[in-house]
Amino acid sequence: MATKPKRAALYLRVSTDGQTVANQQFALEAVCEQRGWQAVQVYSDNGVSAAKGRTQRPELDALLKDASRGRFDVVLVWALDRLGRSLLDLLDTLGELEASNVALVLHQQAIDTTTPAGRMFFQVTGAFAEFERAMIRSRVRAGLERAKARGVRLGRPRTGAKVELAIRARLATGEGIKKVAKAVGVGNGTVSRIKAAMAA
């Protein structure tokens, strides 16, 4: 009995609108043809930096949602940097695909989690990610403890009474948040907080 061909999703991305995803798509469709896979969906983030997270990349977000719905078996990407630049973001994406039982093929790096070697690579990177997260937590805690030991006051600096009065006075005249913040020399968030307190 013949096995059903794998259903493949292609993820394409370019950083600027002046670039095209056509070459990526052509190469990935050729991979599908070689392997006898069926390309069922193309997700394309055009003019979006890889430094941006999932929430700012609508097609990547749609791909991950569709992966969790079982709409395909494997995701093909031209290269690792098309998927993301931050190690933690990349590993989060890989984790979501693995949780959905969706394999990943990175064409340029010849990484293929449909193979035993590819799955081993995935597990090793997952272990490194866990180690990196633990190291970050440890460094943050050590930094906070050093700061406390030196008497550094942690948290947002308080706005002085004189500055707060000036902000309240300007807001009372109907000036906008940005204008008040610029005039007084504080952040928009500080002015927003004081405005909210005035309205309460």
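Predicted, not measured: the structure shown is a model, and the values here were computed from it. Within each chain, residues carry numbers counting from 1 in the order of the written sequence. Side-chain atom pairs in this predicted model are given and counted only at pLDDT of 80 or more, local residue features only at pLDDT of at least 70, and totals for whole chains, interfaces and linings cover all residues. Working from all heavy atoms in the structure, the side-chain values ignore hydrogens and water.

What follows is about the pattern of salt bridges. Between side chains of opposite charge, a pair can form as their charged atoms come close. The salt bridge definition used is simple: a Lys or Arg side-chain nitrogen within 4 Å of an Asp or Glu carboxyl oxygen. This model, assessed by the stated rule, comprises eight salt bridges. The residue R7 makes a salt bridge to D73 at a minimum N-O spacing of 3.0 Å. Placement of R7 in strand β1 (residues 7-14) and of D73 in the loop between α2 (58-68) and β3 (74-77) is noted, with a sequence separation of 66 residues between them. Of the charged contacts in the structure, one is a salt bridge between R69 and D66, with a shortest N-O distance of 2.9 Å. Here's how the labels work: a residue is buried when its accessible area is under 20% of the maximum for its type, exposed when over 50%, partly exposed in between, all with a 1.4 Å probe on protein chains only. Judged by relative accessible area, R69 falls into the exposed class, the value being 51%. When salt bridges with common partners are traced through the structure, they connect D66, R69 and R71 into a single cluster. Numbering of helices and strands starts at the N terminus; helices are DSSP runs of H or I of at least 4 residues and strands are runs of E of at least 2.

What follows is about the sheet that holds β1. Pairing between two strands is assigned when DSSP locates at least 2 bridges connecting them. Spatially, the five strands line up as an open sheet ordered β2-β1-β3-β4-β5, and their pairing is mixed. Each having just a single partner strand, β2 (38-46) and β5 (111-112) make up the two edges of the open sheet. Where strand β4 (residues 103-106) lies against β5, two bridges are found, and the strand directions are antiparallel. What sits directly across from V105, in β5, is D112. Of the strands in this sheet, β1, β2, β3, β4 and β5 are in contact with helix α1 (residues 22-35), which crosses β1 at around 160°. The contact criterion used throughout is that any non-hydrogen atoms of two residues lie within 4.5 Å. Axis angles are defined between N-to-C directions and span 0 to 180 degrees, where every axis is a line fitted to C-alpha atoms and, for a helix, only to the segment in contact. On top of the sheet, α2 reaches β1, β2 and β3; it is set at about 150° to β2, its chief contact.

This part covers the confidence of the model for the protein chain. The predictor rates its confidence in each residue with pLDDT, a number between 0 and 100. Chain-level pLDDT for the protein chain is 85 on average; 93% of the residues reach the 70-or-more range. Across the protein chain, the element-wise mean pLDDT spans from 78 in helix α5 (residues 116-149) up to 95 in β3.

Right, let's talk about the packing of helix α6 (residues 161-172) against helix α7 (residues 177-184) for a bit. For the pair α6 and α7, the least separation of the axes is 10 Å and the interaxial angle reads 145°. In the packing of α6 onto α7, the handedness of the crossing is right-handed. Here V163, I167, R170 and L171 of α6 lie close against α7, whose contacting residues are V180, A183 and V184. Charged residues are taken to be Asp, Glu, Lys and Arg, nonpolar residues to be Ala, Val, Leu, Ile, Met, Phe, Trp, Tyr, Cys and Pro, and polar residues to be all remaining types, Gly included. When grouped by side-chain class, the residues that make up the contact of α6 with α7 number six nonpolar, no polar and one charged. Two helices cross in a left-handed way if the nearer one is turned anticlockwise from the farther one by less than a right angle. They cross in a right-handed way if the turn is clockwise.

Quick look at the nonpolar core now. Here, nonpolar core means buried Ala, Val, Leu, Ile, Met, Phe, Trp, Tyr and Cys residues that are tied together by side-chain atoms lying within 4.5 Å of each other. Y11, L63, F72, V75, L83, L97 and L104 are the most contacted members of the largest nonpolar core, which totals 19 residues. Secondary-structure elements contributing two or more residues to this core are β1, α2, β3, α4 (87-99) and β4. In this structure, A8, C32, W37 and A103 belong to the second largest nonpolar core, which totals 13 residues.

Moving on, we come to the pairing of β4. Residues A103 and V105 of β4 are buried on one face, and the alternating residues L104 and L106, pointing to the opposite face, are buried as well. Bridge count for β3 against β4 is four bridges, and the pairing is parallel. Within β4, the residue paired with V77 across the bridge is L106. Where β4 hands over to β5, the hairpin turn is made up of four residues, of which A110 adopts a positive phi near 55°.

So, about the packing of aromatic side chains. Pairing of aromatic rings covers Phe, Tyr and the six-membered ring of Trp, with a centre-to-centre limit of 6.5 Å; geometry is then stacked below 30 degrees between planes, edge-to-face above 60, and tilted otherwise. In this structure the tally under the stated criterion is one aromatic pair. A ring pair is formed by Y43 and F72, whose centres lie 6.1 Å apart and whose planes are at 65°; its orientation type is edge-to-face. In this pair, Y43 is assigned in strand β2 and F72 in the loop between α2 and β3, connecting sequence segments 29 residues apart. Exposure remark for Y43: the relative accessible area of 3% places this residue in the buried category. Look at F72 and you get buried, because its relative accessible area is 2%.

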